[in-house]
Amino acid sequence: MDLHLKSLFVRYQDQFGCGPGLGPGSGTCLMKVDGIAPNFIRSIYKASAALYRTEPWKRLRPGHYFGIRVGKDSDWPAKKQPFPCVQFVGGDGGDIGFYMYRSENDAKKMTGSRETIRVPNVELLRVTYEVESLMFPSNRKMIKSLSLEVSGSDRFPVIDVARCTVAGDLQFRNPTLDELRFVYAFMKAVSMVHPLLQVDREGGSKYSTMVCFEPFIETVDVHWPPEVTKRGYDIVAVTVLHPPGQAYDEKSSSVSAGSTPTKYVEPPREDTFNDTIGFSSTGLRQCAMCEREVHGEQSICCGRCRAVVYCSSICQKQHWNDTHKSSCGLYKAMMEREEELTINIFLFPCSADQPCKWLESFDIHQKGMWRRKCNCYSHCPFGLLPVKGGLREQWGELDEFEYPHDSSFNNHIVSSPLLLSGWSEYYNLRSLPLSSPVADILSHPLTVYHILTTLNISSKNLILKGKEVIIHYLGPEGELDWMPAFAEVGHLLNGLGNVQIVMVGPEVPTNLSGTTSGIGSRVRVNLVRGVYQLEASYLPSPHVIIALNSRLENYSSWSGALDLIKSIGVPAFFTDQSEVSCVSAKQVLRNAGLHITHPVTPNPFRSPVNNLTPSSNLPSYSNGFVFGVNT
């Protein structure tokens, strides 16, 4: 009897809804929207399915409001964003979907503690995921005739615009084509950025059970499907904000429909010159203007942004007038993230403006794999450092408990990849002391693992099925001498799947090109000397392309590689050390016709060691930020 009642209740819940929501779907059908093309309907269902797979309802509740901006206000009817406030419903029971409101005020009016409140004369656009068997015949027919993609195992999105009457009833209409374009852009953008929300452990009421997130703003490029592209612009900048009311600067004169507006707003330009302040770092620095070396204690830096180093006030004034005035506001915003980017869990110094001294503090200078962390062995080609002894010697003769051993995780009996959120979990898993510096080298293999299992859905699915993932790894340098560290990728697979890493680059030694090495039982590395675009046709087809610390703006050879990445359409991920490098990298990608589909975000497995560049104080970490295209 209990089982029968449970089955009856589940069917009742599917059919009539419960919890936050407005109940069952309406009879609207996208085929009835004026001017809509079947291919655009397919694109909408594909985007809906991609969002469903990211499972935002695991963390998000109706009280988590999101702001959304798609392009410029002038791109839309009435010169304003159609539905700029969004909430996800169904995470704590009821109809799974999301509601889009005309304003945050409307959203708050309709959000109740248990049920969605029906407020008269408030119109909202809703997307609900419904079981096919309970849908109206017109929608079932559309799904079948267009072979539309399913969300999950048995659900499809139903999109309508609902309006509450004074009597408390609901009226429904089909969305317009422009409204559907807005929904499509939101689904594409939010599926990329909502996993980046960080929990604010000190925010919110102590009596509330709802998770509180830190304020968030991120802009990504979304490709319009060809059938709804307007005025020749095939991409649009989409900004997602939480909470919705954050500042947003729209410069209609300088931001095109295809460009990404910056979330940093430059301060007002001033004709007067700013005071300088001293910089207390020891070691040699380099003047950003004249490139003269100056001792750290004698250097000065910009008094507004604190980011740029000079040898004298004369050079600072000249640099301000020449170039720095226009970028000072951006640099100031980047410097304000300094504390956020610092990984505070470690018990060792995390600043290495003098690498040799930093290594000497651990007694690992000129030892094992650490020889690539300073310039003392720059005379030796990458991949050809003399190898002596075993794994302990490779880790610079650290104590036995201070480095990861070449062994599996025996305490994890279930065969599945280990999903890690950052260094704290990894160090705990490996029982490493937080005084161990190994994260500085492990940043490379763990960033690769993070991309495979967290950022790239296709490679994650292959691993979960126990299959092999092929990586084209571009431009290896120090990694060629850190192969023992890449064994961790295989151990973290925890008995499921395999990884083949094809490292391609001009720094691969001639005598190692064409060799294959097994690193543990689940990782195989092939080394190929040459330029990627010339060698790619001879390589196994990749599932993902990775380039760490890529410095896209520094090498002309990237042009051909990016053209190839664009043509084959394989997901490609890059890391770079600082935000300013990422800004340059985005421009290089745009020039190549590629657009950021995974936004520039801090990499949880960046090296904790801040590597100050000689002429800048901007936060800079090996693999500091990760971004992707074709994802």
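Our structure's up above, just so we're on the same page.
These numbers were taken from a predicted model, which means no experiment stands behind them.

Q: Any details on the sheet that holds strand β16 (residues 516–519)? Residues and values, ideally.
A: The strand order across the open sheet formed by eight strands is β16-β17-β15-β14-β18-β19-β21-β20, and the pairing between neighbours is mixed. This sheet does not close on itself; its edge strands, each paired only once, are β16 and β20 (596–602). Direction aside, neighbouring strands of the sheet carry axes that sit 20° apart on average. Pairing geometry for strand β18 (residues 544–547) and strand β19 (residues 572–576), over three bridges, is parallel. Directly across from A547, in β19, lies its bridge partner F574. Helix α15 (residues 558–568) contacts β14 (468–474), β18, β19 and β21 (625–629) of the sheet and is inclined by roughly 145° relative to β19.

Q: An account of the packing of helix α2 (residues 38–53) against helix α4 (residues 137–146) is requested, with residue identities and associated values reported.
A: In the contact formed by α2 and α4, the axes pass within 11 Å of each other and the chain directions differ by 100°. One way to sum up the angle between α2 and α4 is to call them roughly perpendicular. Counted together, P38, I41, R42 and Y45 of α2 and M142, I143 and L146 of α4 form the full contact between these two elements. Partitioned by chemical class, the residues of the contact of α2 with α4 number six nonpolar, no polar and one charged.

Q: Which residues make up the packing of aromatic side chains, and what values go with them?
A: Following the criterion strictly, the structure yields 25 aromatic pairs and no others. With a centroid separation of 6.1 Å and 90° between ring planes, the pair formed by F66 and F88 is classed as edge-to-face. One end of the pair, F66, is in strand β1 (residues 66–70); the other, F88, is in strand β2 (residues 85–89), and 22 residues separate them in sequence. Residue F66 is classed as buried on the basis of its relative accessible area of 1%.

Q: With reference to specific residues and values, describe the pairing of strand β17 (residues 523–529).
A: Looking along a regular strand, one sees the side chains alternate between the two faces of the sheet. The buried fraction of β17 amounts to five of the seven residues, a majority that puts the element mostly inside the structure. Note that strand β15 (residues 498–505) and β17 share seven bridges and pair parallel. By the bridge assignment for β17, M503 is matched with L527. Connecting β16 to the next strand, β17, in antiparallel fashion are three residues, including G520 with a positive phi near 75°.

Q: Tell me about unusual backbone geometry, and please be specific about residues and values.
A: With an omega of -5°, the peptide bond running from H242 to P243 counts as cis. Assignment of secondary structure puts P243 in the loop between β8 (235–242) and β9 (276–278). At S431, a residue that is not glycine, the phi angle is positive and equals roughly 55°. By the element assignment, S431 lies in the loop between α10 (423–430) and α11 (439–455). With phi around 60°, N623 is a residue other than glycine that occupies positive phi space. The topology assignment puts N623 in the loop between β20 and β21.

Q: I'd love a proper account of the state of the cysteines, names of residues and values included.
A: Applying the stated rule across the entire model yields zero disulfides. Looking at the unpaired C374, the closest cysteine sulfur is the one in C376, lying at 3.6 Å. Under the relative-accessibility criterion, C374 is labelled buried at 10%.

Q: Give me the lowdown on the pattern of salt bridges, citing residues and values where you can.
A: For side chains of opposite charge, pairing can occur when their charged atoms come near one another. Under the counting rule described, the total for this entry stands at 21 salt bridges. A salt bridge links R126 to D160; its shortest N-O distance comes to 2.8 Å. You can see R126 sitting in strand β4 (residues 123–131) and its partner D160 sitting in strand β5 (residues 155–164), a full 34 residues away along the chain. The class for R126 is buried, based on a relative accessible area of 0%. The class of D160 is buried, set by a relative accessible area of 0%. The partner of D363 in a salt bridge is K367, and the shortest N-O contact between them spans 3.5 Å. Judged by relative accessible area, D363 falls into the exposed class, the value being 53%. Using a relative accessible area of 21% as the deciding quantity, one classes K367 as partly exposed. When salt bridges that share partners are traced, they join R102, E123, R173 and E179 into one network.

Q: Go over the packing of α2 against helix α5 (residues 177–193) with me, naming the residues and quoting the values.
A: At a minimum axis distance of 9 Å, the contact between α2 and α5 shows a crossing angle of 30°. With respect to their mutual orientation, α2 and α5 come out roughly parallel. For the crossing formed where α2 meets α5, the hand is left-handed. Along its contact with α2, which presents F40, S43, I44, A47, S48 and L51, the element α5 presents L177, L180, R181, Y184, M187, K188, V190 and S191.

Q: Can you lay out the nonpolar core for me, pointing to particular residues and giving the numbers?
A: Among the nonpolar cores identified, the biggest contains 61 residues, and W395, W423 and I471 are the most heavily contacted of them. At nine residues, the largest contribution of residues to this core is made by α11. Setting aside anything within four residues of it in sequence, one finds W423 in contact with I343, I345, F346, A439, L442, S443, L446, P604, F605, R606 and P608. In terms of nonpolar packing, the next biggest core, distinct from the first, is built from 56 residues, W57, L60, Y184 and V190 among them.

Rules used in this analysis
- Residues numbered from 1 in each chain as written.
- Predicted model: local features only at pLDDT ≥ 70, side-chain atom pairs only at ≥ 80, totals over all residues.
- Heavy atoms only, no water.
- Pairing = 2+ DSSP bridges.
- Helix = DSSP H or I, 4+ residues; strand = E, 2+ residues; numbered from the N terminus.
- Axes fitted to C-alpha atoms, helices over the stretch in contact; angles between N-to-C directions.
- Contact = heavy atoms within 4.5 Å.
- Parallel < 35°, antiparallel > 145°, perpendicular 65-115°, else oblique.
- Nonpolar A, V, L, I, M, F, W, Y, C, P; charged D, E, K, R; others polar.
- Phe/Tyr/Trp six-rings, centres within 6.5 Å; stacked < 30°, edge-to-face > 60°.
- Buried < 20%, exposed > 50% of the residue type's maximum accessible area, 1.4 Å probe, protein only.
- Disulfide = S-S within 2.5 Å.
- Salt bridge = Lys/Arg side-chain N within 4 Å of Asp/Glu carboxyl O.
- Left-handed = near helix turned anticlockwise from the far one by under 90°.
- Core = buried A, V, L, I, M, F, W, Y, C linked by side-chain atoms within 4.5 Å.

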